[in-house]
Amino acid sequence: MAPSAPRGAGRVPRALYTALLTLLAPAYRARLWWRGRAEPLYRVAVGERFGRYTGAPPVPGALWVHAVSLGETRAAAALIEALRAQRPSLRILLTHGTATGRDAGRALLAPGDAQAWLPYDTPAAVGRFLAHWRPAVGVLMETEVWPGLILGAAEAGVPMLLANARLSERSLRRGRRFDGLLRPAVAALDRVLAQTGADAERLRDAGAVRVEVMGNLKFDMTPDADLLIRGAGWAAAGERPLLLAASTREGEEAGLLAAWPAAVQAGSRTPRLLLVPRHPQRFDEVAELVVRSSLSLSRRSAWPDGMPDEHALGAEVWLGDTLGELPAYYAAARVALLGGSFAPLGGQNLIEAAACGCPLVMGPHTFNFADAAERALAAGAAERADDLPAALVRAVALAADAAFRDRMARAAQTFSAAHRGAAQRMAAAILETLDAAGVAQPASARATSVTSAGPR
């Protein structure tokens, strides 16, 4: 049985939260439709967002894994691979909140698995979701603490785990403002599988009862070999070294483009900027920023046969406006700047860069991945700069220093390999919880694929 908060705990905050979400439901629908202009998948199966499905209910007893977006889905891939290795007959229900997550999640499905949107966090939508899918156990990835979902699952007798869990000091402080709502939900989690000891302490402080330190799943992510070869081909196609700005966020690109002319020197070996925004809906916006900066631009999506053409080889900036190719971008680059770390946003995942052997220069804000950032610095796989102009100057110098950069690349790969194993540990804990739930996983259930046909 999952832990539960004291009877009545959080009842008033939860009621107010539910009332607010109910009032905001029309705006939520409108936002999905608006985002669907650039990403059409947001307009697919909108009824699932409110727990409405077509077709016969699936066979109960699947393991439900929620990976909200692309980063969590990539981490979930390592976990799902480990789960299948330990339990080949396992059926999985995979849910998402974003179009990029759902698109990437399709590749993780096996016969008998299912995929759906996460329900809106109201008792009615959550209740319909649980009644339709009837999962045996739920696994939420990283930071996905939804009060209505967790408490609704606890009331329905569905054990819930938070896997690859992390909680920054900043998020803990912010969460205290909603302690009456969040603490009962965190306390209702059956198990919390934390990335680090510091995360574990903060999660206990937030109300978690059973917390175990398991490591970070992202160390178990293996870059696709074909993508690494593709990136190496891009690097070899042109004479100019590539300097990557990876997973940049709003506000960072403008500062980077403004600082670029002063940081680079004219000549045939002047670095080429490879700019990869974090969010696909911003690709066009960032392209316009480049053009307004009077820098010549080539978009990766326009390359014939996936290779840079004559126009691309003459461009000062390449825009990485494709999904799923980040390992190729890392493989192509001499050095990378870590997006999200030059504004108080907490930084992006730096482990994937290390696995690809790409040296990193980070900004001052890496609180989302504080432990990994400090370990990467200690291992010599990354450096830190005070601000974006300083980071850019240092990255240009590293791109020109082949010997030092190669040492950093080797250190990055060694650092990545040294911290593997979280996937196996988390898979074992999840299967232990699944077995304790007492729901059989029939091998015959994998004979057919189960997918929602869309909204009613």
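Presented here is an overview of the structure given in this document. Keep in mind that what you see is a predicted model, and the values were worked out from it rather than measured.

### Details of the side chain of Thr122
Its place among the elements puts Thr122 in the loop between β3 (114–117) and α4 (123–133). Not counting chain neighbours up to four residues away, the residues in contact with Thr122 comprise Leu21 and Thr22.

### Re the sheet that holds strand β11 (residues 317–319)
Taken together, seven strands build an open sheet; the order of strands is β10-β11-β9-β8-β12-β13-β14 and the sheet is parallel. One side of each edge strand has no neighbouring strand; the edge strands of this open sheet are β10 (297–299) and β14 (382–384). Sheet twist, expressed as the mean angle between neighbouring strand axes with direction ignored, is 25°. Of the strands in this sheet, β13 (360–362) and β14 touch helix α15 (residues 370–379), which is tilted by about 110° from β14. Against the sheet, helix α16 (residues 388–400) makes contact with β8 (242–248), β12 (335–338), β13 and β14, and its axis sits at roughly 165° relative to β12, the strand it touches most.

### Focus on helix α10 (residues 252–263)
Taking 1.5 Å as the rise per residue, α10 with 12 residues should run 16 Å; its terminal C-alpha atoms sit 16 Å apart, in good agreement. Among all positions in α10, only Glu252, Glu253, Leu256, Leu257, Ala259, Trp260 and Ala263 are buried. Residues of α10 that are buried in the fold lie against β8, β9 (272–277), α11 (283–292), β12 and α16.

### Considering the state of the cysteines
Tallying each qualifying case throughout the model produces zero disulfides. With no disulfide of its own, Cys358 has Cys356 as its nearest cysteine by sulfur position, at a separation of 7.7 Å.

### Thoughts on the pattern of salt bridges
Per the counting criterion, the structure on display carries 28 salt bridges. Here Asp284 ties to Arg299 by a salt bridge, and the two come within 2.9 Å at their closest N and O atoms. Here the residue Asp284 occupies a position in helix α11, and Arg299 occupies one in strand β10, the gap between them amounting to 15 residues. Classification of Asp284 as partly exposed rests on a relative accessible area of 48%. With relative accessibility at 24%, the residue Arg299 sits in the partly exposed group. Two residues, Arg394 and Glu383, come together in a salt bridge whose shortest N-O distance is 2.7 Å. Linking Arg394 in helix α16 with Glu383 in strand β14, this pair joins segments that are 11 residues apart in sequence. Linked through salt bridges whose partners overlap, the residues forming this network are Arg191, Arg210, Glu212 and Glu432.

### Details of the nonpolar core
Generally speaking, soluble globular proteins have nonpolar side chains that are buried together. Within the largest apolar cluster, 36 residues are counted, with the highest numbers of intra-cluster contacts made by Leu244, Trp318, Tyr330 and Leu350. Here the element with the most residues in this core is helix α13 (residues 326–332); it accounts for five residues. Apart from residues lying up to four places away in sequence, Trp318 is in contact with Trp234, Leu242, Arg272, Leu273, Leu274, Leu275, Ser298, Trp303, Pro308, Ala312 and Leu313. Counting 32 residues, the second largest nonpolar core, distinct from the first, contains Val126, Leu167, Val192 and Val211.

### Side note on helix α8 (residues 197–205)
What α8 keeps buried is the set Asp199, Ala200, Arg202 and Leu203. Taken around the axis of α8, the buried residues stretch over an arc of 165°, which confines them to a single face. Where α8 is buried, its residues meet β5 (160–165), α6 (169–175), α7 (179–187), β6 (191–194) and β7 (211–213). Within two residues after α8, Gly207 carries a phi angle of roughly 120°, on the positive side.

### Quick look at the packing of aromatic side chains
Inspection of every chain in the model, using the stated rule, returns 10 aromatic pairs. Between Tyr53 and Trp133 the ring centres are 5.5 Å apart and the planes differ by 80°, which places this aromatic pair in the edge-to-face class. Residue Tyr53 is located in the loop between α1 (11–35) and β1 (63–66), and its partner Trp133 is located in helix α4; the two are separated by 80 residues in the primary sequence. By relative accessible area, Tyr53 is classed as buried at 1%. Residue classification places Trp133 among the buried positions, given a relative accessible area of 5%. For the pair Phe219 and Phe415, a centre-to-centre distance of 5.4 Å together with 80° between the ring planes defines the contact as edge-to-face. Here Phe219, found in the loop between β7 and α9 (225–237), pairs with Phe415, found in helix α17 (residues 402–418); they are 196 residues apart in sequence, far enough to count as distant. Each of the two residues, Phe219 as well as Phe415, counts as buried. An aromatic cluster of three or more residues is present, and its members are Trp234, Trp303, Trp318 and Tyr329. Between the NZ or CZ atom of Arg49 and the centre of the ring of Trp117, over which it lies, the distance is 3.7 Å. Over the ring of Trp117 we find Arg102, and its NZ or CZ is 4.8 Å from the ring centre.

### Brief notes about the pairing of β1
Neither face of β1 is left uncovered, since the one carrying Leu63 and Val65 and the one carrying Trp64 and His66 both have all their residues buried. As paired elements, β1 and strand β2 (residues 92–96) share four bridges and run parallel to each other. Bridge pairing links Val65 to Leu94 in β2. The parallel pair β1 and β2 is bridged by helix α2 (residues 70–86), and the resulting crossover is right-handed. Examined bridge by bridge, β1 and strand β4 (residues 137–141) share four bridges and lie parallel to one another. Residue Leu63 lies in a different strand from β4, and its bridge partner there is Val137.

Parameters and conventions
- Residues numbered from 1 in each chain as written.
- Predicted model: local features only at pLDDT ≥ 70, side-chain atom pairs only at ≥ 80, totals over all residues.
- Heavy atoms only, no water.
- Helix = DSSP H or I, 4+ residues; strand = E, 2+ residues; numbered from the N terminus.
- Contact = heavy atoms within 4.5 Å.
- Pairing = 2+ DSSP bridges.
- Axes fitted to C-alpha atoms, helices over the stretch in contact; angles between N-to-C directions.
- Expected span 1.5 Å × (residues − 1).
- Buried < 20%, exposed > 50% of the residue type's maximum accessible area, 1.4 Å probe, protein only.
- Disulfide = S-S within 2.5 Å.
- Salt bridge = Lys/Arg side-chain N within 4 Å of Asp/Glu carboxyl O.
- Core = buried A, V, L, I, M, F, W, Y, C linked by side-chain atoms within 4.5 Å.
- Arc of directions from axis to C-beta.
- Phe/Tyr/Trp six-rings, centres within 6.5 Å; stacked < 30°, edge-to-face > 60°.
- Lys NZ or Arg CZ within 6 Å of the ring centre and 35° of its normal.
- Right-handed = clockwise from strand over helix to strand, strands pointing away.

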